[in-house]
Amino acid sequence: EIPTQYPPTGLVVSPDQQTLIATCAGPVSEIARIDIGSGKVRSRWAAGHWAMSPVVSPDGGTLFVCHRFNHEIGIFDLRTEKVIGRVPVRREPVAAAVTPDGRYLLVANHLHDGRADANLVAAVVSIVDVAAGKVLRDLVLPNGSGSLQDLRISPDGRYAVVTHVVARYQLPTTQLDRGWMNTNAETIIDLNDLSVLNTVLLDSVDSGAANPWGVAWTADGRTQVVVHAGTHEVSLIDFPGLLARLAKVPAKAGTGNGAERVAASRDRTEVPNDLSFLVGLRRRLPLPPSDRGPRAVAVVKNQVVVANYFSDSLAFIDPAAAQLAVVSVALGPRTEATEARKGELYFHDATLCFQGWQSCATCHPGEARVDALNWDLLNDDMGNPKNNKSLLLSHRTPPAMSLGVRETAETAVRAGIRHILFTAQPDEIAQAMDTYLKSLERVPSPHLREGQLSPAARRGQSIFADEQVGCARCHPVGVFTDLQHHDVGTRTRLDRDEDLFDTPTLVEVWRTAPYFHDGSVTNLHEMFRTRNAEDRHGRTSHLDPGKLDDLIAYVLSL
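Remember, predicted model here, so these are calculated numbers, not experimental data.

**Some details on the nonpolar core**
In step 1: If you look at the biggest cluster of nonpolar residues, it comprises 59 residues, and the most contacted ones within it are Phe347, Leu437, Phe464, Leu524 and Leu551.
In step 2: Going through the elements one at a time, β15 (159-167), α3 (360-363), α5 (409-419), α6 (427-439), α7 (455-465), α9 (524-530) and α10 (545-555) are the ones with two or more residues in this core.
In step 3: Excluding residues that lie within four positions of it along the chain, leucine 524 makes contacts with Val509, Tyr515, Ile552, Val555 and Leu556.

**Considerations on the pairing of strand β20 (residues 233-238)**
In step 1: Burial analysis of β20 places five of its six residues in the buried class, the great majority of the element.
In step 2: Relative to β20, strand β19 (residues 223-228) runs antiparallel, the two being bridged by six bridges. Looking at the pairing, valine 227 lines up with valine 234 of β20.
In step 3: Taken together, β19 and the strand that follows it, β20, pair antiparallel across an intervening segment of four residues, in which histidine 232 is found at a positive phi of about 55 degrees.
In step 4: Of the pairings in the sheet, the one linking β20 to strand β21 (residues 282-286) comprises five bridges and is antiparallel in character. Looking at the pairing, serine 235 lines up with arginine 284 of β21.

**Topic: the pattern of salt bridges**
In step 1: What the rule picks out here adds up to 27 salt bridges.
In step 2: The residue lysine 386 makes a salt bridge to aspartate 380 at a minimum N-O spacing of 3.0 Å. Just as lysine 386 is buried, aspartate 380 falls in that class too.
In step 3: Arginine 414 is the salt-bridge partner of aspartate 427, the closest N and O atoms lying 2.9 Å from each other.

**Side note on helix α1 (residues 239-248)**
In step 1: Within the sequence span of α1, burial applies to Phe239, Gly241, Leu242, Leu243 and Leu246.
In step 2: Elements in contact with the buried residues of α1: β15, β16 (182-190), β17 (195-201), β18 (212-217), β19 and β20.
In step 3: The backbone nitrogen of glycine 241 has a side-chain oxygen 3.0 Å away, supplied by the residue at the start of α1, namely aspartate 238.

**So, the side chain of aspartate 77**
In step 1: Tracing the chain through its elements places aspartate 77 in strand β7 (residues 72-77).
In step 2: The class of aspartate 77 is buried, set by a relative accessible area of 14%.
In step 3: A polar contact of 2.8 Å, which involves the side chain of aspartate 77, links it to the backbone nitrogen of arginine 79.
In step 4: Apart from residues no more than four positions distant in its own chain, aspartate 77 is found in contact with Gly61, Lys82 and Ile84.

**Examining the environment of glycine 74**
In step 1: Note that glycine 74 resides in strand β7.
In step 2: Once the C-alpha coordinates of glycine 74 and arginine 86 are considered, the two residues, 12 residues apart in sequence, prove to be 4.7 Å apart.

**Focus on the packing of aromatic side chains**
In step 1: Applying the stated criterion across every chain, the model contains nine aromatic pairs.
In step 2: Consider the rings of tryptophan 45 and phenylalanine 76, whose centres lie 6.4 Å apart with planes at 55 degrees: the pair is tilted. On the criterion of sequence distance, the pair formed by tryptophan 45 in strand β4 (residues 41-46) and phenylalanine 76 in strand β7 is long-range, its members being 31 residues apart. Like phenylalanine 76, tryptophan 45 is buried.

**Digging into the environment of leucine 197**
In step 1: The residue leucine 197 is located in strand β17 in this model.
In step 2: Residues within four places of leucine 197 in sequence aside, it is in contact with Tyr159, Ile188, Ile189, Asp190, Leu243 and Leu246.

**Quick word on the sheet that holds β21**
In step 1: Within the open sheet, the four strands sit side by side as β18-β19-β20-β21. Their pairing is antiparallel. Looking at strand neighbours, the two that pair on one side only are β18 and β21, the edges of this open sheet. Averaged over all pairs of adjacent strands, the angle between their axes in this sheet comes to 20 degrees, without regard to strand direction.
In step 2: Taken together, the four bridges between β18 and β19 define a ladder with antiparallel strand orientation. By the bridge assignment for β19, tryptophan 217 is matched with glutamine 224.
In step 3: Set on the sheet, α1 makes contact with β18, β19 and β20; between it and β20 the angle comes to about 65 degrees.

**Digging into the sheet that holds strand β9 (residues 93-98)**
Sheet strands associate in pairs through backbone hydrogen bonding, adopting either a parallel or an antiparallel arrangement.
In step 1: Reading across from one edge, β9-β10-β11-β12 is the order of the four strands in this open sheet, with antiparallel pairing throughout. Here the strands that pair on one side only, and so sit at the sheet edges, are β9 and β12 (134-140). When strand polarity is set aside, the average angle formed by the axes of neighbouring strands in this sheet is 25 degrees.
In step 2: Pairing analysis gives five bridges linking β9 to strand β10 (residues 104-109), with the strands arranged antiparallel. Its bridge partner lying in β10, valine 98 is registered against leucine 105.

Here is what the cut-offs are and how they apply
Residues numbered from 1 in each chain as written. Predicted model: local features only at pLDDT ≥ 70, side-chain atom pairs only at ≥ 80, totals over all residues. Heavy atoms only, no water. Core = buried A, V, L, I, M, F, W, Y, C linked by side-chain atoms within 4.5 Å. Buried < 20%, exposed > 50% of the residue type's maximum accessible area, 1.4 Å probe, protein only. Helix = DSSP H or I, 4+ residues; strand = E, 2+ residues; numbered from the N terminus. Contact = heavy atoms within 4.5 Å. Pairing = 2+ DSSP bridges. Salt bridge = Lys/Arg side-chain N within 4 Å of Asp/Glu carboxyl O. Polar contact = N/O pair within 3.5 Å; in protein donor to acceptor, adjacent residues only side chain to side chain. Phe/Tyr/Trp six-rings, centres within 6.5 Å; stacked < 30°, edge-to-face > 60°. Axes fitted to C-alpha atoms, helices over the stretch in contact; angles between N-to-C directions.

Have a look at this one:
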């Protein structure tokens, strides 16, 4: 065991196999360089906000790191351990991989960064031109794609795969079967022309494969492995067979060479909706109860090794065996989980859901925050979708939901189990989830400077508190909500005339875009400059641009 100053979030081994590099996440993260032979930390240096997913260039000279909450890639010279570049990407980069020739870095952006009420709402994979130090293009995933988790490149360097959820957010949440609300997928990227080949669902027709996370290949590239953190499973996929099946699908229905029908897909556009596409190409292996929450996977000498987040264990699988079996190895003494830890497991556990399509974390990823989507939940009638809300402080800021239709967060948790997971569970499960959600702590804003307000934010703090502006009247310091409902002029044609909206907390507002109950505003500059002409969100129309920037700087620092 090697102690680190902050929680480690990623590991990479240098090409010469002598050094282990670990990213350790915090507001100012740390990168630790570890000698594998001795297990000693040889050096440490600072990185950006919430560093993760380190990647070393093929020549061993450059380190790429995802600075998640700075929305950028940090580039470090491993000889000097100094930052030599920063590349802005779209939103919350959480995984990356470099092509074998070192030309391109592929980056998985966790969430989309646009409006939630648009016709196309999807996260992207950014392609970084390493030599130019900038994004060459963004590959848009299918509509509803989000919660990207891992991105890896096949052993032959020809393809990349990113795991993610495909949310069917445009449908009312009346059912779960056949992926009505959420499906779970991988998108295959062709590295020859840096384009999306297609997106394949990892679910079965009557069995969801919730929360796909880590991905890997056997050395020969024949077997692709995906772990499902929500359903505690491993998928072993015939990757050449998958590519061959995709190649048989015509570009347009009714065209092609007359080859036999492939699954249910008539053309390539239907593949991302085809729950039968992997039939005959995938073996699906449930892990034993000793292994919960698989999130990372590696293949070592054709032995699949799965790392399980909740059980602190490794699972070993021989993919060549006719009868798949799991050998589980505990990484330390088994200890009784705390109530909060149990609640965290239940929150991420899709086996509590009908047919395993989703977990609570599917719609609230990133420690119960947001998926940045609008959902038409049935708790306030149909046909009036609302933007998803973070559950941070939810138990301290009743009522719950945009219209306050749940008196407390406790009520909302139990309603969510019944009406979103579509099952009945013992109340001790809901109680543990309550404990977990109450234990959540705010992440310090990336807009702070060494943990303190910047000069602009300090000026903005005074403006925020000014009675003539009135921000603090509805967002008093503390939890930054008055716990009341208001008409703030945001009703749309989908809302009822009598609808009043719950005042949201401003804590962590920097990470919960888009804004308003309909998700129609992408950032606070847009909100104040184009959506507050009537001064319904504080009397700000008289503020000059500089003062408005200061006010926004303060709010983004909360």
